[in-house]
Amino acid sequence: VEPMRDSRVANISFESLDPVRAADIANAYVQAFIAITLQLNVEPARRNAEWFDEQLQVLRERLGKAQEKLTEFQQENGIIALDERLGTETARLNDLSKSLVKAQDATFDVRSRQLGENHPEYRRAIERERSMRRSLESQKQSILELKNQRDKMDSLAREVEAEQKTYEATLQSYYKTLMESQFNQTNIAVLSPAI
């Protein structure tokens, strides 16, 4: 085997008393070189494809678990449309705040008339204000709980999204490597076979 100077071309020759045998052996060397080069290129890709296949199984399981956690959380908390529910509950909180202000105005009005603490109108006004305060506090707790649920659900959804992206990126690499492992050509060309 003689490399050509300043080139990527090699001249392969074999000497024998039998010219046909010499050509066959020289051509066999060329074919063996091509086969080994192909094997050296394909074999690492096959091993990589097997490794990616194993990784994909692990990532599929992780993605499935993340999706299960999200679904389980939604089912446990009866979450269907959390943002809509949060909007409704916030509107209810605003309504309760307005009602409390009205109840406070009514209490102030009753106090300004100096009806006395045992007067039924005074008691109703005080009880209504207390009831509104309790309802308002209860509604605030409800909204805080919904916000906590939303934050937890968003965190779980981000986890699912991250697992999905990792899985998809690995899947793309797997397909690329799989294609490389099945590639049966090299960049070697025979310019002229031995004759």
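The preceding data block contains the structure.
In this report, the structure presented in the accompanying data block is examined.

Conventions we followed
- Residues numbered from 1 in each chain as written.
- Predicted model: local features only at pLDDT ≥ 70, side-chain atom pairs only at ≥ 80, totals over all residues.
- Heavy atoms only, no water.
- Helix = DSSP H or I, 4+ residues; strand = E, 2+ residues; numbered from the N terminus.
- Rg over C-alpha atoms; globule rule 2.2 N^0.38 Å.
- Buried < 20%, exposed > 50% of the residue type's maximum accessible area, 1.4 Å probe, protein only.
- Contact = heavy atoms within 4.5 Å.
- Areas by Shrake-Rupley, 256 points an atom, 1.4 Å probe, with all protein chains shown as cover.
- Lys, Arg positive; Asp, Glu negative; His and termini not counted.
- Charge placed at Lys NZ, Arg CZ, Asp CG, Glu CD.
- Salt bridge = Lys/Arg side-chain N within 4 Å of Asp/Glu carboxyl O.
- Polar contact = N/O pair within 3.5 Å; in protein donor to acceptor, adjacent residues only side chain to side chain.

Helix and strand content of the protein: three helices and two strands. Scanning the protein from its N terminus toward the C terminus, one meets helices and strands in the order β-β-α-α-α. In terms of overall dimensions, the protein is more spread out than a globule: its C-alpha atoms have a radius of gyration of 40 Å, far above the 16 Å expected for 195 residues. The principal-axis extent of the C-alpha atoms belonging to the protein is close to 135 × 35 × 15 Å. When the 195 residues of the protein are sorted by exposure, 24% land in the buried category. By sequence separation, contacts in the protein at least 24 residues apart represent 75% of the contacts at least 6 residues apart. Working note: accessible area of the protein is about 14,700 Å², and carbon and sulfur atoms make up 50% of it. Taken as two groups, the 28 positive and 32 negative side-chain charges of the protein have centres that lie 11 Å from each other.

Tracing the backbone shows Thr 186 in the segment after helix H3 (120-181). Excluding residues within four positions of it along the chain, Thr 186 makes contact with Ile 34, Thr 37 and Leu 38.

What follows covers the pattern of salt bridges. Opposite charge on two side chains makes pairing possible when the charged atoms of those side chains draw close. Per the stated rule, a full pass over the model turns up nine salt bridges. A salt bridge links Glu 43 to Arg 46, with the shortest nitrogen-to-oxygen separation between them at 3.7 Å. Remark: Arg 46 and Glu 43 occur in helix H1 (residues 19-76); sequence separation between them is three residues, near one turn of the helix. Residue class for Arg 46 comes out partly exposed when judged on its relative accessible area of 41%. Note that Glu 121 and Arg 113 form a salt bridge whose closest N and O atoms lie 2.2 Å from each other. When its relative accessible area of 29% is taken as the criterion, Glu 121 is described as partly exposed. Residue class for Arg 113 comes out partly exposed when judged on its relative accessible area of 41%. Three or more residues are tied together by salt bridges with common partners; here these are Asp 109, Arg 113 and Glu 121.

Tracing the chain through its elements places Glu 163 in helix H3. For Glu 163, a relative accessible area of 12% puts it in the buried group. Here Arg 62 takes part through its side chain, which lies 3.1 Å from a polar atom of the side chain of Glu 163.

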